Amino acid sequence: MSAQVTVGERRGVVMHVRCPDRLPEETYRQVLEELAGLSPVVQALPPTAALVDLRGTLGYYGVGACRLGEVLRVRTISRLGVDVRVGIGPTIAVAATASGLAPRPGGVLAVAPEEVAGWLEPLSVEALHGIGPQQAAALRDYGVHCVGLLAAVPPATVQRLLGGKAGRLAADRARGIDPRPVVPRALPATASMRYRFDEHTLDGAVVRAALLKLVVRLGTRLRGRGQVARALTLTLKFAGGSSWEKTRRLTAPSGHEDDLRQLANQLMDAAGLQRGRLTGLILKGEDLLDADQAPRQLSLDDAREARLAAEGAVDRIRDKFGPRVIGPAAVFRCAS
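None of these values were measured; they are calculated from a predicted model. (Residues numbered from 1 in each chain as written. Predicted model: local features only at pLDDT ≥ 70, side-chain atom pairs only at ≥ 80, totals over all residues. Heavy atoms only, no water.)

Things to note about the overall build of the protein
At step 1: Assigned secondary structure in the protein consists of twelve helices and ten strands.
At step 2: When each of the 336 residues of the protein is scored for burial, the buried share is 48%.
At step 3: In the protein, the proportion of contacts linking residues at least 24 apart, taken out of those at least 6 apart, comes to 65%.
At step 4: Only carbon and sulfur atoms are counted for the fraction: they give 51% of the accessible area of the protein, which is about 16800 Å². (Helix = DSSP H or I, 4+ residues; strand = E, 2+ residues; numbered from the N terminus. Buried < 20%, exposed > 50% of the residue type's maximum accessible area, 1.4 Å probe, protein only. Contact = heavy atoms within 4.5 Å. Areas by Shrake-Rupley, 256 points an atom, 1.4 Å probe, with all protein chains shown as cover.)

This is the structure in structure tokens:
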């Protein structure tokens, strides 16, 4: 189903744009510039998506939102060689769901506010924005295979199936409810943490402790910003001015220390240090995005869930008493 969102609609008119996977960062930035030509309210969702609030621009252009989506496609194809998929709806969740179902490799799918309930009803639960594979499996095990059934299940039941926040969001979005605004945001910068050794070191234990310190600082910074990283880059600085650098992607976007530490240690292992005298370390979080844009998968690991709960408590202690009052023991063996 496709319907043009009418000019002057009082409710939100949100455009969700999906670019092809593996788009170079510079090209992605150019897509954002094309979006800024349509509306001043553009929210980057790197590396391959973005949101546009069209409410203030439809009257200016004198055309419907669906037409603007087609104009955007023409511009990105002719100027950048990129064919985008565009979803349009009254909320972020509806627009993002629509862009996921838009024709491939590029196309426009628009859903008018009065059609949202009927359009969502027959969709599979996997198609609803924010529902991951494990969440969909949990719903299907309960007999909920389409969005209409999900909307009919009491929200309290959905929360028991998927967890408190995830269940509440899923129940609301199945009903077309998503109060989030489009927040103007440029492409987020990376988050970089540095450690400089007081003297050249060969001690593996000292190096690992310094790396853990950077992991804790990076995780705290990301969670404080409400962001997650999709990849980490580790740079080793050696005496004499040489360096080694490697980037790896996380299995899933994360700002949790457990996940960051595991990948950071893998990067350090990949360096294969033998007799290199280190002068410093740099740990950088790459491909940052808002935490609420990252799907949260269900976990059957009770120990991990307990650690995540403890991490939240530690963050609150640091906020109140300072960042150095609590942390892993190895961190306190490092100089500040």
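Some remarks on unusual backbone geometry
At step 1: The peptide bond linking Arg 104 to Pro 105 adopts the cis configuration, its omega dihedral lying at 0 degrees.
At step 2: The backbone of Asp 287 shows a phi angle near 50 degrees, a positive value even though the residue is not glycine.
At step 3: Note that Asp 287 resides in the loop between β9 (278-286) and β10 (289-290).
At step 4: Residue classification places Asp 287 among the partly exposed residues on the basis of a relative accessible area of 24%.

Comments concerning the pattern of salt bridges
At step 1: Under the defined criterion, the tally for this structure stands at ten salt bridges.
At step 2: For Arg 55, the salt bridge goes to Asp 53, with nearest N and O atoms at 3.0 Å.
At step 3: A salt bridge links Arg 73 to Glu 70, with the shortest nitrogen-to-oxygen separation between them at 3.8 Å. With Arg 73 and Glu 70 both in helix α3 (residues 65-80) and three residues apart, this pair spans about one turn of that helix.
At step 4: In this structure Glu 70 comes out as partly exposed when scored by relative accessible area, which is 31%.
At step 5: A single network of salt bridges, built from pairs that share partners, joins Glu 70, Arg 73 and Asp 83. (Salt bridge = Lys/Arg side-chain N within 4 Å of Asp/Glu carboxyl O.)

As for helix α10 (residues 204-225)
At step 1: Helix length check: α10, at 22 residues, gives a terminal C-alpha distance of 32 Å against a target of 32 Å (1.5 Å per residue), a fit within 8%.
At step 2: Backbone geometry just downstream of α10 places Gly 226 in the positive-phi region, at approximately 75 degrees. (Expected span 1.5 Å × (residues − 1).)

A short note on the nonpolar core
At step 1: If you look at the biggest cluster of nonpolar residues, it comprises 27 residues, and the most contacted ones within it are Leu 218, Leu 232, Leu 236, Leu 281 and Leu 283.
At step 2: The leading source of residues in this core is α10, at seven residues. (Core = buried A, V, L, I, M, F, W, Y, C linked by side-chain atoms within 4.5 Å.)

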